[in-house]
Amino acid sequence: MEQVPSVGRFVQITVTDGYDLKGSKGDTPVTFVRAEFNQVVLGDSAKITVSPEGTGKYNFTCSFEFNPEGGITLDDLARKPVFLTVTEVLPKERRQKEEKTLILGQAVVDLLPLLAGECSFETTVPLHPVQGSPLETPRLGAKQCSLEVKVFATEILLTPVQMAGGNLLKVTLEAAYSVPETFVPTGTVQNYMVGLQVPSFGEKDYPILFKNGTLKLGGEREPTPRPKKWPIANILAPGANNIPDAFILGGPYEEEEGELNHPEDKEFRNQAECMKKRIVWDLESRCYLDPPAVVSFQKRIADCRLWPVEITRVPLIALPKGKAGKLDKTEDEGQLSFHGVAYVNMVPLLYPGVKRIRGAFHIYPYLDSVVHEKTKCLFSLFRDTGHHLIHNNKIGGINSPLSKQVVSKNLKEDKTVKEKDIDGKIRPGDVQAPSIKSQSSDTPLEGEPTLSHNPEGQQYVEAGTYIVLEIQLDKALVPKRMPEELARRVKEMIPPRPPLTRRTGGAQKAVSDYHSQIKNISKAILDEYHRMFGKQVANLGSDIDSETLEEQKCQLSYELNCSGKYFAFKEQLKHAVVKIVREKYLKTTSFESQEELQTFISELYVFLVDQMHVALNQTMPDDIRDTISTIYTSSEQLRLFAFEAEVNENFDMATVYYEERLVREPQNIDHWLDYGAFCLLIEDNVKAQECFRKALSLNQSHINSLLLCGVLAILLEDYEQAEIFFEDATCLEPTNVVAWTLLGLYYEIQNNDIRMEMAFHEASKQLQARTMLQAQEAKQKSTDSIAEFGEEVGKTGSSVGPWGPTNDSSAIAIKMESTAGRRLREEQGKERTRGHLGTSEAEQVPGAALSILDEFLDESSKLQADSREPILTTQAQDPSIAIKPSNIFLKEIPAKKEASKCQDLSAFMQSDHYYGVSQTPPTTIFMETIRFLMKVNAVQYVHRVLAHELLCPQGGPSCEYYLVLAQTHLLKKDFAKAEEYLQQAAQMDYLNPNVWGVKGHLYFLSGNHAEAKACYERTISFVVDASGMHFIFLRLGLLYLEEKEYEKAKKTYLQACKRSPSCLTWLGLGIACYRLEELTEAEDALSEANALNNYSAEVWAYLALVCLKAGRQLEAEQAYKYTIKLKLKDEALLEEIHMVQEMVGFGNPSF
């Protein structure tokens, strides 16, 4: 460490001018300025006559010596200001020997800038009037009198080492609330004191004491903001007690770091801080920490975590009038009473970037064993170091350590001290008094006090007393990476890739230029033809025979060759052909053989002729054939088709759909995230990482991309990059609960308990804030809805709803439903009387917001805490396929409706209602993270989070917890474990539709179709939809088809088609209609299925059956041909086709 020079350095204080001054005897008084620092008078200025304008030119300079090795230290500069007292010299009267003076006011100069590395500064400080001073009424037009002050040091007082490693600690004690009822303002005057110790220079502890708290009876809340005060006694001017530019601002309880910051504490704190007694200090004490002290402070926080803050009171006695004319604040050393302690959790100061903690902390009775166990503190600040030092302290509240150890005479703790003396007499010079509790044993000594030995301290607990304390550092103990640095590191790992600008050339441009040249040349040839044969064509009209046309062609060719126009046309076309060869076929080098050249020329010729026909057809629109309409599949439909293939374990087809989305919109971040989540599902982590990094390169502020890059970095054991990704996510979106939780899980892997605690605490705070906001919004919405309904009830009275007459309560329930839900019920009400019980109940959906699957595994309503459940389903034909979780990210889907029958697909892509009607969704940070991880198929990471959810005080085993466990075991095809967890979930919430939906999937996959059917029917009968209703309908429809309940199958598939149409839903509907001999409806449904996926052999097979039954031979043969070409695997269906072909006598061209 760099040594501090032993030679003292001087600090000069210069008072240049005073403004808006006035005296008691006139507007031009004679005044002088006295400067004091550290209880020493630095000097008096000359006596200056103030001008009529109130200006005094003092130009007074004084100084003091700064010497860290003995004398004024950095700590003194931090804790003590310079006092400037302006005094008026009164005119002498007759026979007056000594001149009289009158103190006008006092100003305070804070020397804190010197500790910030400055060697000089200028400031204008207000001159606060003393009581009775003429300055209490300012001059006309003036605001407040002031002094112009300059502070100059010969050199910077801090060494480079101190500037880099030192720190400034500020402790603000606001008040103690809800104090015991025995605290009364009458009787003996009491001095209420609070103290704590911090390392100041190296390992040496320094006590920070606050005394002279003011006992108030309550009745109103303390105002905010209010100024912080110097912990210094005998300040003459009341206004000079206030520290410049330092205020107590207060703030919401939820943002505090203390113990009483939970919603359930709000009512108690409001009552305590408004109505109950309190002791108010509003003092700020400072302490400079040199670099070794900073290291010691940081190490002690990490080791002890909790910091003891003691509170007590001692009586003040009045000296006899002969010694003093007023009450002197002298503490009786034998009257230490109501000794309590608050345990302040200092760990947040070790969080990266944290410089301040503020909160409310409970006060407990001071018991040595408990204090030592919690804080590892071996002695009491008040009892063992001697509270009498406060009496001898001239500045009041700021003290230096004493070496003398004083034994308390408090009768409440006298027994303990006596027994300690029996075991071993403590040396008077030993400050670090040994603890009553042996350091080597957890067993208390014989003399250790019990709860009954501090009954006064127990009153704090009974009254619920707490103190509000703020601890602030000038620099964070643990630096935090700046957002700019994190962004730079992310850019270094994943360079941003902006969208490529469109090239003016390229293959498309080459073909377009070729089309333009063909059109120009064809127009020129037609002009030449009309010039040569225009009159002949006009005379013959449409009677021109082929021989005449051939003769005209020969003459036209001869004329073009003779005139040179043919070669001109060829040269005009040559450049466009060369561009096609270079841009489209990428041929820029010579060919290696003649055969390769001939092959290429043949291929090029075919392409040029085809493109020539395209250009000619565009030039001559009359010759264009009617285009065949095609059904365009949207990105959301492709997403659904990919998911259907994914859950069928047809990964190749799912890959095709995902890649098609990427080809259509390569700059769409969500498409890359979906594909990456799919790669996670098939455990291709490297490819998943590529997808997530590609998404992040498109937008380096995208939170989900950052989080998933971090998750993949952990899975691939690249922990340094994972920290960068997670920290960047928390910087970009500090309110993101999942980001903080994942950061905490990363720190857990790194065994960094303090930072893990920090991240989890921040996640909990953000989740609590969001939950409270949602509750307020829901309450407001509910109030508005009830008020609106009350107005309508007043107008309409009793009404008839979809289920008959409604009374007031039922009308309220109906009013709360959405309009879309009522319309849907009215449409389905006609079919209730003739449907199956399960289907009938399933159709009684009470609202569009709860009935339409808006998006698989998207967030549910805000009242359900954004809960999600992975969709568990598979193709009905293969019962051995395991359930796969969803791989879909939360995103906003445009509300634009399409004109096709797929217009409800966007609604399907948005809903996911995880909870049943009887369950309140949990609000733990871990369950929310589990939903995110399950949604993106990061199942490898889920079990670590489930362990935290199990141990979380707000979490524990819940219905959703067991559902997630069941899903993870279904992925492993461990049906026994999955069934066990589902039984647990059902016991916790029997009315949860997701429990029955997942049980249906379990039985379906294990081959128990009867139980699966019963579970599915129960699921769709609930008022609230389960998640994954799309595949529940598909499987239930399949079970109905197997049992030949075709009418029920038709209704089930029809609901699926209305919600989220796909090839599978239309195919199921087509099969049901075909079995019901409804051939027209069957053909329509199968045509829709074929339009969405013309590679389905089963769709072609049923189309062949429909065409055979309808007697359409050509179409039947075509459908059968594609059935065979696509290799239909259903042998029974193929045999049925052959049987029908033999029955009708056609349909198989091979016969």
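Residues numbered from 1 in each chain as written. Predicted model: local features only at pLDDT ≥ 70, side-chain atom pairs only at ≥ 80, totals over all residues. Heavy atoms only, no water.

J.: Pulling in residues and values, what's your account of the overall build of the protein?
T.: In terms of helices and strands, the protein carries 40 helices and 24 strands. In the protein, the share of contacts with a sequence separation of at least 24, taken over all contacts with a separation of at least 6, comes to 71%. As displayed, the protein has an accessible area near 54,900 Å², and 52% of this comes from carbon and sulfur atoms. (Helix = DSSP H or I, 4+ residues; strand = E, 2+ residues; numbered from the N terminus. Contact = heavy atoms within 4.5 Å. Areas by Shrake-Rupley, 256 points an atom, 1.4 Å probe, with all protein chains shown as cover.)

J.: I'd like to hear about the pattern of salt bridges, residue by residue, with values.
T.: Summed over all chains, the structure comprises 52 salt bridges. Where Asp674 meets Arg661, a salt bridge forms, and the shortest distance between an N and an O atom there is 2.9 Å. Taken as a pair, Asp674 in helix H17 (residues 669-681) and Arg661 in helix H16 (residues 651-664) lie far apart in primary sequence, 13 residues in all. Exposure class is identical for Asp674 and Arg661. Each is buried. Here the salt bridges share partners, and the residues they tie into one network are Glu174, Arg221, Arg226, Glu256, Arg269, Glu273, Asp282 and Arg358. (Salt bridge = Lys/Arg side-chain N within 4 Å of Asp/Glu carboxyl O. Buried < 20%, exposed > 50% of the residue type's maximum accessible area, 1.4 Å probe, protein only.)

J.: Go over the pairing of strand S11 (residues 167-177) with me, naming the residues and quoting the values.
T.: With respect to burial, S11 is a largely interior element, 10 of its 11 residues being buried. Both S11 and strand S17 (residues 278-289) contribute to a ladder of 10 bridges, which runs antiparallel. Bridge assignment links Ala176 to a residue of S17, and that residue is Ile279. Across 8 bridges, S11 lies against strand S22 (residues 466-473) in antiparallel orientation. Within S22, the residue paired with Ala176 across the bridge is Ile467. (Pairing = 2+ DSSP bridges.)

J.: Outline the environment of Gly1000, supporting the account with residue identities and numerical values.
T.: By the secondary structure assignment, Gly1000 is in helix H32 (residues 993-1006). Here Gly1000 falls in the buried class, since its relative accessible area comes to 0%. Considering only alpha carbons, one finds Gly1000 and Thr1019, 19 residues apart in sequence, at a separation of 8.5 Å. Setting aside chain neighbours within four positions, we find Gly1000 in contact with Ala1012, Cys1015 and Tyr1016.

J.: Lay out the packing of helix H21 (residues 737-749) against helix H29 (residues 942-951) with the relevant residues and their values.
T.: Between H21 and H29, the shortest axis-to-axis distance is 12 Å and the interhelical angle comes to 100 degrees. The angle between the axes of H21 and H29 places the two elements in the roughly perpendicular class. Here Leu745, Glu748 and Ile749 of H21 lie close against H29, whose contacting residues are Arg944, Val945 and His948. Taken together, the residues of the contact of H21 with H29 sort by class into 3 nonpolar, 1 polar and 2 charged. (Axes fitted to C-alpha atoms, helices over the stretch in contact; angles between N-to-C directions. Parallel < 35°, antiparallel > 145°, perpendicular 65-115°, else oblique. Nonpolar A, V, L, I, M, F, W, Y, C, P; charged D, E, K, R; others polar.)

J.: For the environment of Gln190, give the residues involved together with the corresponding values.
T.: With respect to the helices and strands, the residue Gln190 is situated in strand S12 (residues 190-201). Taking the C-alpha atoms as reference points, Gln190 and Leu215, separated by 25 residues in sequence, lie 9.1 Å from one another.

J.: Please provide a residue-by-residue account of the side chain of Gln1141, values included.
T.: Along the chain, Gln1141 falls in helix H40 (residues 1131-1144). Here the side chain of Gln1141 touches Gly1147 through a polar contact of 3.1 Å, landing on its backbone oxygen. (Polar contact = N/O pair within 3.5 Å; in protein donor to acceptor, adjacent residues only side chain to side chain.)

J.: Help me get a handle on the confidence of the model for the protein, residues and values and all.
T.: The share of residues in the protein with pLDDT of 70 or more is 77%, and the mean pLDDT across the chain is 77. The low-confidence segment residues 387-452, where pLDDT is below 50, has 127 contacts with residues more than four positions distant or belonging to other chains. Under a pLDDT of 50 for its full length, residues 622-629 has, in the predicted model, 1 contact with residues more than four places off or in other chains. (pLDDT = per-residue confidence, 0-100.)

J.: Break down the packing of H21 against helix H28 (residues 925-935) for me, citing the residues and quoting the values.
T.: Axis separation between H21 and H28 bottoms out at 9 Å; the angle between their running directions is 95 degrees. Taken together, the axes of H21 and H28 lie roughly perpendicular to each other. Across the interface between the two elements, Val737, Val738, Thr741 and Leu742 from H21 touch Ile925, Phe926, Glu928, Thr929, Phe932 and Leu933 from H28. Of the residues assigned to the contact of H21 with H28, the class counts are 7 nonpolar, 2 polar and 1 charged.

J.: An account of the packing of aromatic side chains is requested, with residue identities and associated values reported.
T.: According to the stated counting rule, one finds 27 aromatic pairs in the structure shown. An angle of 40 degrees between the planes, with centres 5.3 Å apart, marks the rings of Phe183 and Tyr192 as tilted. Accessibility classification places Phe183 together with Tyr192 in one group, the buried group. By way of ring pairs, the aromatic residues Phe183, Tyr192, Phe338 and Tyr460 are connected into one cluster. Here the basic side chain of Lys374 rests over the ring of Tyr343, its NZ or CZ set 5.4 Å away from the ring centre. Between the NZ or CZ atom of Arg1018 and the centre of the ring of Trp996, over which it lies, the distance is 4.3 Å. (Phe/Tyr/Trp six-rings, centres within 6.5 Å; stacked < 30°, edge-to-face > 60°. Lys NZ or Arg CZ within 6 Å of the ring centre and 35° of its normal.)

J.: Describe the nonpolar core, with residues and values.
T.: Counting residues in each nonpolar core, the largest one holds 193 residues, and the members touching the most others are Trp281, Phe297 and Leu742. Element by element, the count of residues in this core is highest for helix H38 (residues 1097-1110), at 11 residues. Residues Val15, Cys62, Val82 and Leu158 belong to the second largest nonpolar core, which totals 42 residues. (Core = buried A, V, L, I, M, F, W, Y, C linked by side-chain atoms within 4.5 Å.)

J.: Explain H21 residue by residue, including any values.
T.: Along its 13 residues, H21 runs 19 Å from first to last C-alpha, staying within 8% of the 18 Å computed at 1.5 Å per residue. The buried count for H21 comes to 11 of 13 residues, which makes it a mostly enclosed element. Backbone nitrogen of Val738 and a side-chain oxygen of the N-cap are separated by 3.0 Å at the start of H21; the cap is Asn736. The first or second residue beyond H21 is Asn751, which carries a positive phi of 60 degrees. (Expected span 1.5 Å × (residues − 1).)

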